[in-house]
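The residues making up each chain are set out below.
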Amino acid sequence: MANSVKSIKASEMDPKFKYEIAKMHGGEKVMRCFQCGTCTSDCPIARFSDTYRPRQIIRMTQLGLKDRVLNSDTLWLCASCFTCTDRCPQDVEVASVIRVLRNLAAERGCMPQVFKEEAASILESGYAYRIPELRLKKRETVGLPPLPRGNAESIRKSLCGVKLLESVEKKA
Ligand code: SF4
Ligand code: SF4
């Protein structure tokens, strides 16, 4: 999803895609976007990235460029700050559309490795970050109490309904 213009082939366009997104919670108003660019100009990530453009993500969704948008790594750059949603003159819930797209991308295994590892760690230990053994020992040596144990089993139970485990294990 770089800024460079990449030609679009008719065969890439799935006309049903926008309706699929519009049926999902948060995606309902995706068709209202008239490409004013406010979301991109106010997005804190777009300010520092040459490739991340929420306006483009919305347009690609409207055009049905399903594979392009779901396979794109830039989809995962969104910080979910909701600035775009607050400022869209058409009430498009841009941040929620991006969440919906990420969920679909994750279902097909298209998730950056770093997020897969984070999710795997949560499922395994209850923590997003695996704390190295060395650091745990260091706590002991300086007299700090052991860290509380994460309740991985309860997290796994809660998340089994959203198929996170399958998404993490799935290869893109
Ligand atoms: S601010 Fe809203 S209408 Fe404007 S480009 Fe973004 S999503 Fe579309
Ligand atoms: S929610 Fe995502 S797309 Fe919207 S302004 Fe924040 S970082 Fe940008």
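See the structure printed just above.
Residues numbered from 1 in each chain as written. Chains lettered and ligands numbered in written order. Predicted model: local features only at pLDDT ≥ 70, side-chain atom pairs only at ≥ 80, totals over all residues. Heavy atoms only, no water.

1. Some points on the site of ligand 2
- Neighbouring ligand 2 are 14 residues, the closest being Cys43, Tyr52, Cys78, Cys81 and Cys84.
- Elements with a contribution of two residues or more to the shell around ligand 2: α3 (44-48), α6 (83-87) and α7 (94-107).
- Each residue belonging to the shell around ligand 2 can be placed in one class, and the counts come to twelve nonpolar, two polar and no charged. (Near = heavy atom within 4 Å. Helix = DSSP H or I, 4+ residues; strand = E, 2+ residues; numbered from the N terminus. Nonpolar A, V, L, I, M, F, W, Y, C, P; charged D, E, K, R; others polar.)

2. Focus: the site of ligand 1
- Taken together, 13 residues are adjacent to ligand 1, and Cys33, Cys36, Gly37, Cys39 and Cys88 come closest.
- Counted by class, the shell around ligand 1 contains eight nonpolar, four polar and one charged residues.

3. Focus: the side chain of Thr85
- The topology assignment puts Thr85 in helix α6.
- In terms of polar contacts, Thr85 uses its side chain to reach the backbone amide nitrogen of Ala95, at 3.2 Å.
- With sequence-adjacent residues up to four places away left out, Thr85 is seen in contact with Val92, Glu93, Val94 and Ala95. (Polar contact = N/O pair within 3.5 Å; in protein donor to acceptor, adjacent residues only side chain to side chain. Contact = heavy atoms within 4.5 Å.)

4. With respect to the packing of helix α8 (residues 113-125) against helix α10 (residues 152-159)
- In contact at an axis separation of 6 Å, α8 and α10 are set at 120° when each is read in the N-to-C sense. Looking at the two axes, α8 sits oblique to α10. Here Ile122, Leu123, Glu124 and Ser125 of α8 come into contact with α10, specifically with Ala152, Ile155, Arg156 and Leu159.
- Residues belonging to the contact of α8 with α10 are distributed by class as follows: five nonpolar, one polar and two charged. (Axes fitted to C-alpha atoms, helices over the stretch in contact; angles between N-to-C directions. Parallel < 35°, antiparallel > 145°, perpendicular 65-115°, else oblique.)

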